[in-house]
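The primary structure of each chain is shown beneath.
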Amino acid sequence: MNKILLSLSLLACVSLSSSPSWAWPQKNNEPIRIVVTFPTGGAPDILARLLAEQWQKELQNQVIVENKPGAGGNIGTDFVTKAAPDGHTLLIGTIGTLTINPYLYKNLSFDPQRDLEAITFLASTPNVLVVPKQLPVQDTKGLIQLARSKPYALSYSSSGIGTSIHLSGELFAQLTQSKIKHIPYKGRAQAMPDLLAGRVDMSFDNLASAIPLIRSGDLRAIGVTSAQRSSFAPEIPTLAETDPSLRIFNVTSWFSLMGPKGMSNHDVAKISADVKRFMQLPEVREKLAHYALEANPQGPQALQKQIQQDAKRWSKLIKDNGIQAE
């Protein structure tokens, strides 16, 4: 009898340990919040909703996506740094909020490397230089020539000061020795109508967000910002291959999952493993491919290393060009 009870006890333990959510989250009645620091529609929001959909299938908890835009992502990031480190409040981190803003904004109330816990990479996508179909240029050389001939006559939009889209524009202007006016918006949803209408002349949008408008013909793709062509749009050349002045141009937007500092190693490992498993599901990969997002679910160590490398790169660009958020 004792042997039977022992066997049943062991079987119960195995069943619990094989469950995808056996020890996380810890508070079964508290919702899980995934904070997105930009409005709906962009790559961070797409990724958050994919994660929420998958977790909702497995967990008894409610999974909520909260969009908290503003200040280049600082408002939402600050909110997460002040949350309890119990795994119930998570952040979709971007290259801008984690590696650019600390050097762009004075007197930030937080330090991403000090106040956030790196959990895992999610996915990456290059930016793509796009122009409205009304602009009379067909390629990079034509755009550079037009920009140089009319200093500050051309403008480029971004989803906020300090985003990779903003700094891609600054890098483009620096390398091509042209003067282009930056027009920041609160988010992509606010910027896109002016770009489509031709009130703004260009943008370095995420390929994941721009590709539907490129395919519809509403925007013209000039070049992707990565070192290699994207497998999702191989017909679009890289900027580096289109003009000698841009041969070192290499910018890739990446997105990560972060939490408040102080999360347990167990919770970090469990959430990271969940994400890796999600990203391997065929239906998730299909959805990511639709938005030109490449899954890259590396763990916390790789993410932390990338944050440090990119922070070094962007801080130099910001300092060299005297860029500062108001």
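Now for a description of the structure that goes with this document. In this text, all values refer to a predicted model and were calculated from it rather than measured experimentally.

The rules we used
- Residue positions are given per chain, counted from 1 along the sequence in the order it is written.
- Residues qualify for local features only when their pLDDT is at least 70, as the model is predicted, and side-chain atom pairs are given and counted only at 80 or more; totals for whole chains, interfaces and linings, by contrast, use all residues.
- The basis for the side-chain values is all heavy atoms of the structure; hydrogens and waters are excluded.
- Going along the chain from the N terminus, every DSSP run of H or I of four or more residues is numbered as a helix, and every run of E of two or more is numbered as a strand.
- Three labels apply to residues, based on accessible area from a 1.4 Å probe with only protein chains included: buried if under 20% of the type maximum, exposed if over 50%, partly exposed otherwise in between.
- We call two residues in contact whenever any of their non-hydrogen atoms come within 4.5 Å of each other.
- Among buried residues, the Ala, Val, Leu, Ile, Met, Phe, Trp, Tyr and Cys ones that are joined through side-chain atoms within 4.5 Å form a nonpolar core.
- The rule for a salt bridge is simple: a side-chain nitrogen of Lys or Arg has to be within 4 Å of a carboxyl oxygen of Asp or Glu.
- Each axis is a line fitted through C-alpha atoms, and for a helix only the stretch in contact is used; angles between axes span 0 to 180 degrees, taken between their N-to-C directions.
- Note on angle classes: values under 35 degrees are labelled roughly parallel, values over 145 roughly antiparallel, values of 65 to 115 roughly perpendicular, and the remainder oblique.
- Should the near helix be turned anticlockwise from the far one by less than a right angle, the crossing is left-handed, and should it be turned clockwise, the crossing is right-handed.
- Any residue outside Ala, Val, Leu, Ile, Met, Phe, Trp, Tyr, Cys, Pro, Asp, Glu, Lys and Arg is labelled polar, Gly included; the first ten of those are nonpolar and the last four are charged.
- At least two DSSP bridges between two strands are needed for those strands to be called paired.
- Only Phe, Tyr and Trp rings take part, Trp by its six-membered ring, and two of them pair if their centres are within 6.5 Å. Stacked means planes under 30 degrees apart, edge-to-face means over 60, and tilted covers everything else.
- We count a charge as sitting over a ring when the NZ of a lysine or the CZ of an arginine lies within 6 Å of the ring centre and within 35 degrees of the ring normal.

### As for the environment of Ile 119
Here is step 1 of the chain: Its place among the elements puts Ile 119 in strand β4 (residues 116-132).
Here is step 2 of the chain: Given a relative accessible area of 0%, Ile 119 falls into the buried group.
Here is step 3 of the chain: Between the C-alpha atom of Ile 119 and that of Asn 101, which follows or precedes it by 18 residues, the distance is 20 Å.
Here is step 4 of the chain: Setting aside residues no more than four positions away along its own chain, Ile 119 makes contact with Leu 90, Leu 257, Met 258, Gly 259, Met 263, Val 268, Ile 271, Ser 272, Gly 299, Pro 300 and Leu 303.

### Describing the nonpolar core
Here is step 1 of the chain: In this structure, Leu 129, Leu 143, Phe 172, Met 202, Phe 204, Phe 249 and Met 258 are the most contacted members of the largest nonpolar core, which totals 43 residues.
Here is step 2 of the chain: Those elements that provide at least two residues to this core are α4 (95-99), β4, α7 (140-149), α8 (164-176), β7 (202-206), β9 (252-260) and α14 (300-321).
Here is step 3 of the chain: For Phe 204, the contacting residues outside a window of four places in its chain are Asn 127, Val 128, Leu 129, Ser 157, Ile 165, Ser 168, Gly 169, Phe 172, Thr 225, Leu 239 and Phe 249.
Here is step 4 of the chain: Residues Ile 32, Ala 48, Leu 257 and Leu 288 belong to the second largest nonpolar core, which totals 32 residues.

### Quick look at the pattern of salt bridges
Here is step 1 of the chain: Per the stated rule, a full pass over the model turns up 16 salt bridges.
Here is step 2 of the chain: Taking the shortest distance from any N to any O, the salt bridge between Lys 141 and Asp 243 comes out at 3.4 Å. Of this pair, Lys 141 sits in helix α7 while Asp 243 sits in the loop between α11 (239-242) and β9; the two residues are 102 residues apart in sequence, bridging distant segments of the chain.
Here is step 3 of the chain: Judged by relative accessible area, Lys 141 falls into the partly exposed class, the value being 47%.
Here is step 4 of the chain: Residue Lys 270 is joined to Asp 274 by a salt bridge in which the shortest nitrogen-to-oxygen separation is 2.8 Å. Residue Lys 270 and its partner Asp 274 are located together in helix α12 (residues 265-279), separated by four residues, close to a single helical turn.
Here is step 5 of the chain: For Lys 270, a relative accessible area of 12% puts it in the buried group.

### A look at the packing of α8 against α14
Here is step 1 of the chain: The geometry of α8 relative to α14 is characterised by a closest axis approach of 11 Å and an angle of 60 degrees between their N-to-C directions. On the basis of their axis angle, the class for α8 and α14 is oblique. Of the two possible hands of crossing, α8 and α14 adopt the one that is left-handed. Contacts between α8 and α14 involve Leu 167, Leu 171 and Gln 174 from the first element and Arg 313, Trp 314, Leu 317, Ile 318 and Asn 321 from the second.
Here is step 2 of the chain: Looking at side-chain class alone, the contact of α8 with α14 contains five nonpolar, two polar and one charged residues.

### Brief notes about the pairing of β7
Here is step 1 of the chain: Within β7, five of the five residues are buried, which leaves it mostly tucked inside the rest of the structure.
Here is step 2 of the chain: Direction of pairing for β4 relative to β7: antiparallel, over a ladder of four bridges. Bridge pairing in β7 links Val 130 to Ser 203.
Here is step 3 of the chain: Pairing of strand β5 (residues 155-158) with β7 involves two bridges; the strand directions are parallel. From the neighbouring strand, Ser 157 faces β7, where its bridge partner is Ser 203.

### Topic: the packing of aromatic side chains
Here is step 1 of the chain: Throughout the structure, instances matching the rule amount to four aromatic pairs.
Here is step 2 of the chain: A centroid spacing of 5.7 Å and a plane angle of 75 degrees characterise the contact between Trp 55 and Phe 278, whose relative ring orientation is edge-to-face. Placement of Trp 55 in helix α2 (residues 43-58) and of Phe 278 in helix α12 is noted, with a sequence separation of 223 residues between them.
Here is step 3 of the chain: By relative accessible area, Trp 55 is classed as buried at 0%.
Here is step 4 of the chain: By relative accessible area, Phe 278 is classed as buried at 2%.
Here is step 5 of the chain: The structure contains a cluster of three or more aromatic residues connected by ring pairs, namely Phe 172, Phe 204 and Phe 249.
Here is step 6 of the chain: One residue, Lys 68, lies across the ring of Phe 79, its end atom 4.3 Å from the ring centre.
Here is step 7 of the chain: Taking NZ or CZ as reference, Arg 313 lies 4.7 Å from the ring centre of Trp 314, over its face.

### Concerning the environment of Pro 39
Here is step 1 of the chain: With respect to the helices, strands and loops of the structure, Pro 39 is situated in the loop between β1 (32-36) and α2.
Here is step 2 of the chain: Along the backbone, Pro 39 and Thr 89 are 50 residues apart, and their C-alpha atoms lie at a distance of 18 Å.
Here is step 3 of the chain: Discounting chain neighbours no more than four positions away, the residues touching Pro 39 are Asp 45, Asn 67, Pro 69, Lys 186, Gly 187 and Gln 190.

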